[in-house]
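Topology and contacts: notes
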Number of protein chains: 2
Amino acid sequence: MKSFETVTIVGVGLIGASIGLALRERKGARQVVGVGRHMGSLRAARTRGAVDRATTDLKRAVVGADLVVVCTPVGSIVRLVKEVATASPGTLITDAGSTKAQIVAELDTARVPDRDGRGVPIRFVGSHPLAGDHRAGPRHARGDLLEDRTVVVTPSRRSAVVDVATLHRFWHGLGARVVTLGARQHDRLLASSSHLPHLVASALAATTPDACLPLVASGWLDTTRVAAGDPQLWSEILLSNRDALIKSLDRLERRLAAFRQGIEADRSRRITGLHSQGKQKRDVVGN
Amino acid sequence: MKSFETVTIVGVGLIGASIGLALRERKGARQVVGVGRHMGSLRAARTRGAVDRATTDLKRAVVGADLVVVCTPVGSIVRLVKEVATASPGTLITDAGSTKAQIVAELDTARVPDRDGRGVPIRFVGSHPLAGDHRAGPRHARGDLLEDRTVVVTPSRRSAVVDVATLHRFWHGLGARVVTLGARQHDRLLASSSHLPHLVASALAATTPDACLPLVASGWLDTTRVAAGDPQLWSEILLSNRDALIKSLDRLERRLAAFRQGIEADRSRRITGLHSQGKQKRDVVGN
């Protein structure tokens, strides 16, 4: 890709450090700066080769950057984007949060003071890389985490076309496919494709009696795998997509009720039919 | 292992053919005979190296065998075990069915005529290898499918200790860990460790709107993977473990209701707490 001068990554966890690694491996930026609150993670990110420079000083890290990518849990993104915009007005900012509607809505109308103290809009366009791992932290970062994965970019009506194009170029340069969606549409789709599966995996894991654990095989292991994700992080994600998630949960619960009725009434053809519909949908996607 | 003379496998699908492959690779039997209804599967099993001899003639295949393993869908196991016992009274028979209580109960009291026409008990002890794949058929068979997997053997009060020991030796010889459980206890445990995850994976897949499918990532893929299993086969499994499955579903639905309440009331700590319990349970097992 056409190289960026300086890209600053705020939050060097799994996603942030993986973006840094990919940028450095692919020479996508002359300099990658990592910002975090804890020197431990920052040192791990630098040891891992994910950043050229690491600091806890957000202000100094973002001034003059071409692009700032905020890779922190969804609950802190709005605050940090405002801090970045205040420290370096006019710098293009994106994020890697799993929900977008709340974040985009809040930042779209927010203003920060420029050097002359006048309120100016924030130059933010949201992103969501559909990649991750149930293991957290920079130690698990991988330069190929985004390869052949999808990144959704969620511009609003106020977004400049040139900024959206810059983000397409940025994510594409890291090996990802880039899709543009409205923030609310993104959240509706992700409720079913990501947030509900997490909720259900957690519920399945939690309600498995201890005596069953020695007998689990690949079915249980696959179905519950994402329940190992960070509880606080996932709590923030689910709560920031409440309405769409509840609608997805409604659909699932109706389906579970259909299974229950069919099982209680011993209706073999009905249960086979329900399974066939699930299989049909699953087979569309492949393994 | 101490070698068997002839082991006959009834049903050369994924599990049957994998058992045959393992037996032949590990020289666990002098001869492995495969029985099926369709020459296509039988030929595939022989081409795959899973059996020495393949036939559609059940009677001829089982007479004189040391051990017969019935590897067909749960709905046909009782009938086939009776056929095997009738053709070769006194031969030790086991199965590979995913539920055990119904099968063991029916076979425990059944009698078949011996050569003199007298009713004799069936020499059957149930087994359940906790291994599989969402892909079916002998083409996907693997000689290491049972390696380091658990096989549950479910003797009844009538089972001879020597037969249970023979089955331990048989499954252990294929690389598996062997556990002994009562058939009803097996079914109670498997309801949560296998059957409910299948039901939930299917419900999740089926209720995912088509528009979401291009945006699925590892979370959805893992959580719904087993929904690709054979609908008819899974319908039989779920219906043969109705009571235990409904109890597991009750627990899951209560948990989903707790999530719903917490999300609707925007209770962050509550949702984090629910996730923590799921993570704790999932982390016990590992990846």
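Residues numbered from 1 in each chain as written. Chains lettered and ligands numbered in written order. Predicted model: local features only at pLDDT ≥ 70, side-chain atom pairs only at ≥ 80, totals over all residues.

**A look at the domain arrangement of chain A**
Residue and element names in this part refer to chain A.
- The domain boundaries assigned to chain A delineate domain 1 (4-181) and domain 2 (186-285).
- Put simply, the middle of domain 1 and the middle of domain 2, counted by C-alpha atoms, are 31 Å apart.
- Taken together, the 14 residues of domain 1 in the interface contact 14 residues of domain 2.
- Contributions of two or more residues to the side of domain 1 that touches domain 2 are made by α4 (74-87), α5 (101-109) and β9 (150-154).
- The residue makeup of the side of domain 1 that touches domain 2, split by class, is six nonpolar, seven polar and one charged. (Domains from an automatic or database assignment. Contact = placed C-beta atoms within 7 Å. Helix = DSSP H or I, 4+ residues; strand = E, 2+ residues; numbered from the N terminus. Nonpolar A, V, L, I, M, F, W, Y, C, P; charged D, E, K, R; others polar.)

**Regarding the relation of the copies chain A and chain B**
- Overlaying chain A on chain B yields an RMSD of 0.1 Å, the required transformation being a rotation through 180° with an accompanying axial translation of 0.0 Å. Considering both components of the superposition, the chain copies are consistent with a two-fold axis. For chain A, the minimum C-alpha distance to the rotation axis belongs to Thr223 of chain A and amounts to 1.9 Å.
- Taken together, the interface assignments show that 100% of the residues at the interface of chain A recur at the interface of chain B, consistent with an identical surface on both copies. (Least-squares fit on C-alpha atoms with pLDDT ≥ 70 in both.)

**Re the pairing of strand β5 (residues 92-95) of chain A**
All names here are of chain A.
- Residue alternation in β5 divides its side chains into two sets, Leu92 and Thr94 and Ile93 and Asp95, and both sets are buried.
- Inspection of the sheet shows strand β4 (residues 67-70) paired to β5 by four bridges, in the parallel sense. Paired with Val68 across the strands is Ile93, a residue of β5.
- After leaving β4, the chain enters α4 and then returns to the sheet as β5, a path that is right-handed. (Buried ≥ 20, exposed ≤ 12 C-beta atoms within 10 Å, placed from the backbone. Pairing = 2+ DSSP bridges. Right-handed = clockwise from strand over helix to strand, strands pointing away.)

**Description of the interface of chain A and chain B**
- With 73 residues of chain A at the interface, the matching set in chain B holds 73 residues.
- Among the elements of the structure, α7 (183-206), α8 (218-224), α9 (231-239), α10 (242-264) and α11 (268-285) of chain A are those that each provide at least two residues to the side of chain A that touches chain B.
- Looking at the side of chain A that touches chain B element by element, the count peaks at 16 residues for α7 of chain A.
- The residue inventory of the side of chain A that touches chain B, partitioned by class, reads 40 nonpolar, 19 polar and 14 charged.

**Brief notes about the sheet that holds strand β9 (residues 150-154) of chain B**
Residue and element names in this part refer to chain B.
- Spatially, three strands are ordered β8-β9-β10 in an open sheet, and the strand pairing comes out mixed. Because the sheet does not close on itself, it has two edges, and the strands there are β8 (126-129) and β10 (177-180). On average, adjacent strands in this sheet sit at an angle of 25° to one another, irrespective of strand direction.
- Of the strand pairs in this sheet, β8 and β9 are connected by four bridges, and their pairing is antiparallel. Looking across to β9, one finds that Ser127 is bridged to Val153. (Axes fitted to C-alpha atoms, helices over the stretch in contact; angles between N-to-C directions.)

**A look at the pairing of strand β2 (residues 29-35) of chain A**
Residues and elements named next belong to chain A.
- Within β2, five of the seven residues are buried, which leaves it mostly tucked inside the rest of the structure.
- Sheet topology note: the strand β1 (residues 4-10)/β2 ladder contains six bridges and is parallel. Bridging from a neighbouring strand, Phe4 pairs with Ala29 of β2.
- One crossover worth recording links β1 to the parallel β2 by way of helix α1 (residues 14-25), and it is right-handed.
- Alignment of β2 against strand β3 (residues 53-55), held across three bridges, turns out to be parallel. From the neighbouring strand, Val33 faces β3, where its bridge partner is Arg53.
- Since β2 and β3 lie parallel, the crossover through helix α2 (residues 39-47) that links them has a hand, and here it is right-handed.

**Observations concerning the sheet that holds β3 of chain A**
All names here are of chain A.
- Judged by pairing direction, the sheet is parallel, and its five strands sit side by side in the order β3-β2-β1-β4-β5 without closing on themselves. Where the open sheet ends on each side, the last strands, each with one partner, are β3 and β5. Between one strand axis and the next, the sheet turns through 20° on average, direction left out of account.

**Re the environment of Val63 of chain A**
Residue and element names in this part refer to chain A.
- As for its placement among the helices and strands, Val63 is situated in the loop between α3 (58-62) and β4.
- Through-space distance from the C-alpha of Val63 to that of Gly40 is 23 Å; in sequence the pair is 23 residues apart.
- The contact partners of Val63, leaving out residues within four places of it in the chain, are Ala87 and Ser88.

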